[in-house]
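Each chain, written out:
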2 protein chains.
Amino acid sequence: MENVYIGVDLGGTNLRVGLVDQNGQMLQYKQIPTEAEAGYETIIERMIALIKDVKKAYSAKSIGIGCPGPLNPFDGIVVSPPNLPGWKDIPITKLVEKEIGIPVYLVNDANAAALGEAMFGGGHGKDSSFYITVSTGIGGGYVQNNRLIQGEHGYSAEIGNMIIKPGGPKHANMNAGSLEALASGTSIAREGRERLGISGGTEEVFRYAEEGDQMAIAIIDEAVDALAIGIANLVHSVDPDVFILGGGVMKAKEMILPLLREKVDGYVYEGLRGKITIESAKLHDKAGIVGAAMHGRQKAENNRKEE
Amino acid sequence: MENVYIGVDLGGTNLRVGLVDQNGQMLQYKQIPTEAEAGYETIIERMIALIKDVKKAYSAKSIGIGCPGPLNPFDGIVVSPPNLPGWKDIPITKLVEKEIGIPVYLVNDANAAALGEAMFGGGHGKDSSFYITVSTGIGGGYVQNNRLIQGEHGYSAEIGNMIIKPGGPKHANMNAGSLEALASGTSIAREGRERLGISGGTEEVFRYAEEGDQMAIAIIDEAVDALAIGIANLVHSVDPDVFILGGGVMKAKEMILPLLREKVDGYVYEGLRGKITIESAKLHDKAGIVGAAMHGRQKAENNRKEE
């Protein structure tokens, strides 16, 4: 019997559960709407039902749950994600473990996607990778030798809160001039409303830019510039083998990536120019499930060793 | 016979060689002026003589040489350090190895100090540490589980070139608004000249501030603020267990550290406030020798394993 692991991707919109083998292949997959307003008890019940469903014919060894932050990955507690209203200090791993009976681990959703991409996507075969998701918000994950670097407090790769432009625009509970306030989908849409007078969000700004609108082009240039500064700062901090860019905004990767690479080259030491590898994510919306499953597997195996 | 390792700290001012045991204790130590103008052949000859001297009664297993960047640690080549004039692509590890006959490894000097502090100084017993040296320039080193994270191109922890204030002051070959241009001894001295009209350098600015000079206090406040932004960005990138601050400017640590900790707390997520550990270096000018020796030891042991 081959070794299989369950990965869960709990988002504000969709709840997705997969059964993954040791090569990152998804053997079973289920997706339902999260219906976030249903509350945590109902959502966790549905999650448990999906988990039972995908593991029916298999003897899965562990479960990894990827969930939006803030969370406490070490104790398995969902603290209070903005897009899961009513969740407050929910000990999700205990609740699921009680019902399923195999070890359950919690991981930040962007961290999970980072591990999935590192092992089986854009970082495959590399010693280290830094994953960045540019979506409504900006998050990420730093992976070395196929292990997540979560950090002392679990705040590693919370790069949306990196300060890019001190005193710049303020966004949610983040620093003024944070990366998320300057380069996220939310910020591009905000600039579109303010400077183009449009209400169609990020995609409309990109459409205007494709049509040659100079203001739309400037909005995108500024967002990509902020992202380039963030990436250059990460080069001069940890110098990973590869940056992997995912998230909804990267649907416009044909416009973003060439500009981003050029700008990053302008912000790194001369000896690094042309040498910084920036790729787009390969697993797309499966990265989170695969990564959560692999993280759960690693944690379960480590714990068995320690016993 | 106990295991001993040689560490070399080659600076623009002093050339220092030590014999270090596996507990980081310095059993032998020699220091001479580098006399950088003597040229690389003479300096390497003197280095070899010092190495032979400290290892006389011992059977050292490896040599680690810490040297200012830019350098290529993987091939053991000193590229062109600004404070070692005339050095250009010098294969220092080959030259020393030929004379001494034990394995020689090259490491960035700030990286070496970081490893020394991580193993036997401010990071002792911690899983991860980020060392920052604030001196004429700003450099550092990131250590996990007592191993240096050097990065894909050897540019990890080149944090002097992090962009803190886009479009800010320019310093050497670095980005406009780099950390080094805003928070190094050089930048504090520059502000002292421009805004206080003094020529005594960094120490004089700190003396003016101690005496209550408001402009001097503002200069230091701005430098510490830039450093706090850099540290907060590192928290949101890798979230190390501890930040260790060394370098000449940290002689004023009583003035810097309380202000720095307060400012860092203002730039991190609410959940992290009061939890970021920032300590001063413990080994001072011995950190580089001890760290270089330990790095050489680790590399030599890894290479033996691979054979």
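Remember, it's a predicted structure, so these values are computed and weren't measured experimentally. (Residues numbered from 1 in each chain as written. Chains lettered and ligands numbered in written order. Predicted model: local features only at pLDDT ≥ 70, side-chain atom pairs only at ≥ 80, totals over all residues.)

A. Main features of the sheet that holds strand β7 (residues 104–108) of chain B. Residues and elements named next belong to chain B. Spatial strand order, β3-β2-β1-β4-β7: five strands in an open sheet with mixed pairing. The open sheet has two edge strands, β3 (26–33) and β7, and neither has a second partner. The sheet shows a mean angle of 15° between the axes of neighbouring strands, direction not considered. Across seven bridges, the pairing between strand β2 (residues 14–21) and β3 is antiparallel. Bridged to V20 within β3 is M26. In the packing of helix α9 (residues 287–306) onto the sheet, the strands contacted are β1 (4–10), β2, β3, β4 (63–67) and β7, and the crossing angle to β1 comes to about 125°. (Pairing = 2+ DSSP bridges. Helix = DSSP H or I, 4+ residues; strand = E, 2+ residues; numbered from the N terminus. Axes fitted to C-alpha atoms, helices over the stretch in contact; angles between N-to-C directions. Contact = placed C-beta atoms within 7 Å.)

B. Spatial organisation of the environment of C67(B). All names here are of chain B. In this fold, C67 is placed in strand β4. On the basis of neighbour count, C67 is assigned to the buried category, with 26 C-beta atoms found within 10 Å. The spatial distance from the C-alpha of C67 to the C-alpha of G167 is 31 Å, given a sequence separation of 100 residues. With residues near it in sequence (within four places) discarded, C67 still touches L10, V78, P81, L106 and D109. (Buried ≥ 20, exposed ≤ 12 C-beta atoms within 10 Å, placed from the backbone.)

C. Seen up close, the confidence of the model for chain A. The predicted model of chain A averages 95 in pLDDT, with 99% of residues at 70 or higher. For this predicted complex, the interface score ipTM comes out at 0.95, while the overall pTM is 0.96. (pLDDT = per-residue confidence, 0-100.)

D. Highlighting the relation of the copies chain B and chain A. Expressed as a screw transformation, the operator carrying chain B onto chain A has a rotation angle of 180° and an axial translation of 0.0 Å, and the superposed copies differ by an RMSD of 0.0 Å. The superposition operator between the copies reduces to a two-fold rotation axis. Taken as a fraction of all interface residues of chain B, those also at the interface in chain A reach 100%, which identifies the copy contact as same-surface. (Least-squares fit on C-alpha atoms with pLDDT ≥ 70 in both.)

E. Expanded view of the interface of chain B and chain A. Each partner contributes residues to the interface: chain B has 36 residues there, and chain A has 36 residues. A per-element tally of the side of chain B that touches chain A places helix α7 (residues 214–235) of chain B first, with five residues. The residue inventory of the side of chain B that touches chain A, partitioned by class, reads 18 nonpolar, 11 polar and seven charged. (Nonpolar A, V, L, I, M, F, W, Y, C, P; charged D, E, K, R; others polar.)

F. Spatial organisation of the domain arrangement of chain A. Residue and element names in this part refer to chain A. The domains assigned to chain A are domain 1 (4–112 + 285–306) and domain 2 (125–281). Here domain 1 and domain 2 have C-alpha centroids that lie 27 Å from each other. With eight residues of domain 1 at the interface, the matching set in domain 2 holds 11 residues. Those elements giving two or more residues to the side of domain 1 that touches domain 2 turn out to be α3 (109–120) and α9 (287–306). In terms of residues, the side of domain 1 that touches domain 2 owes the most to one element, α9, which gives three residues. Partitioned by chemical class, the residues of the side of domain 1 that touches domain 2 number four nonpolar, four polar and no charged. (Domains from an automatic or database assignment.)

G. Looking closely at unusual backbone geometry. The linkage connecting G69(A) with the following residue, P70(A), adopts the cis geometry, with an omega of -5°. Considering the arrangement of structural elements, one finds P70(A) in the loop between β4 (63–67) and β5 (71–72). Although it is not a glycine, N146(B) sits at a positive phi angle of roughly 60°. Relative to the elements of secondary structure, N146(B) occurs in the loop between β9 (138–144) and β10 (147–148). We note that D239(B) has phi near 50°; this positive angle belongs to a residue other than glycine.

H. Summary view of the pairing of strand β1 (residues 4–10) of chain A. All names here are of chain A. Summarising burial for β1: seven of the seven residues are buried, a large majority. Here β1 shows a buried face lined by V4, I6, V8 and L10 and a second buried face lined by Y5, G7 and D9. Both β1 and strand β2 (residues 14–21) contribute to a ladder of seven bridges, which runs antiparallel. What sits directly across from V4, in β2, is D21. In this structure, the hairpin formed by β1 and β2 is closed by a connection of three residues.

I. Geometry of the environment of A112(A). Residues and elements named next belong to chain A. Note on placement: A112 falls in helix α3. With 96 residues separating them in the primary sequence, A112 and Y208 have C-alpha atoms 34 Å apart. Once residues lying within four places of it in the same chain are set aside, the contact partners of A112 are G64, G66, V107, G288, G291, A292 and H295.

J. Main features of helix α6 (residues 202–210) of chain B. Residues and elements named next belong to chain B. Those residues of α6 lying buried are T202, V205, F206, Y208 and A209. The arc enclosing the buried residues of α6, seen along the axis, measures out at 160°, which places them on a common side. Structurally, α6 contributes buried residues whose contacts are with α5 (185–196), α7 and α8 (253–265). Just downstream of α6, G212 is the residue with a positive phi angle, here 95°. (Arc of directions from axis to C-beta.)

K. Up close: the sheet that holds strand β7 (residues 104–108) of chain A. All names here are of chain A. One open sheet holds the five strands; their spatial order is β3-β2-β1-β4-β7, and the pairing between them is mixed. Each edge of the open sheet carries a strand with a single partner, namely β3 (26–33) and β7. Ignoring which end each strand starts from, the neighbouring axes of this sheet average 15° apart. Alignment of β4 against β7, held across five bridges, turns out to be parallel. Residue pairing for β7: I63 is matched across the bridge by V104. Sheet strands in contact with helix α2 (residues 92–100) are β4 and β7, and its direction is about 150° off that of β7.

L. The arrangement of the packing of α6(B) against α7(B) in detail. All names here are of chain B. Axis separation between α6 and α7 bottoms out at 7 Å; the angle between their running directions is 120°. One way to sum up the angle between α6 and α7 is to call them oblique. Crossing geometry of α6 relative to α7 is assigned as left-handed. Note on element contacts: α7 touches α6 through A216, I217, I219 and I220, opposite V205, F206, Y208 and A209. (Parallel < 35°, antiparallel > 145°, perpendicular 65-115°, else oblique. Left-handed = near helix turned anticlockwise from the far one by under 90°.)

M. Inspection of the packing of helix α5 (residues 185–196) of chain A against helix α6 (residues 201–210) of chain A at higher detail. Residues and elements named next belong to chain A. The N-to-C vectors of α5 and α6 enclose an angle of 65°; their axes lie 8 Å apart at closest approach. Crossing hand, α5 versus α6: left-handed. Of the residues in α6, those touching α5 at G185, I188, A189, G192 and L196 are G201, T202, E204, V205 and Y208. In terms of residue class, the contact of α5 with α6 is built from five nonpolar, four polar and one charged.

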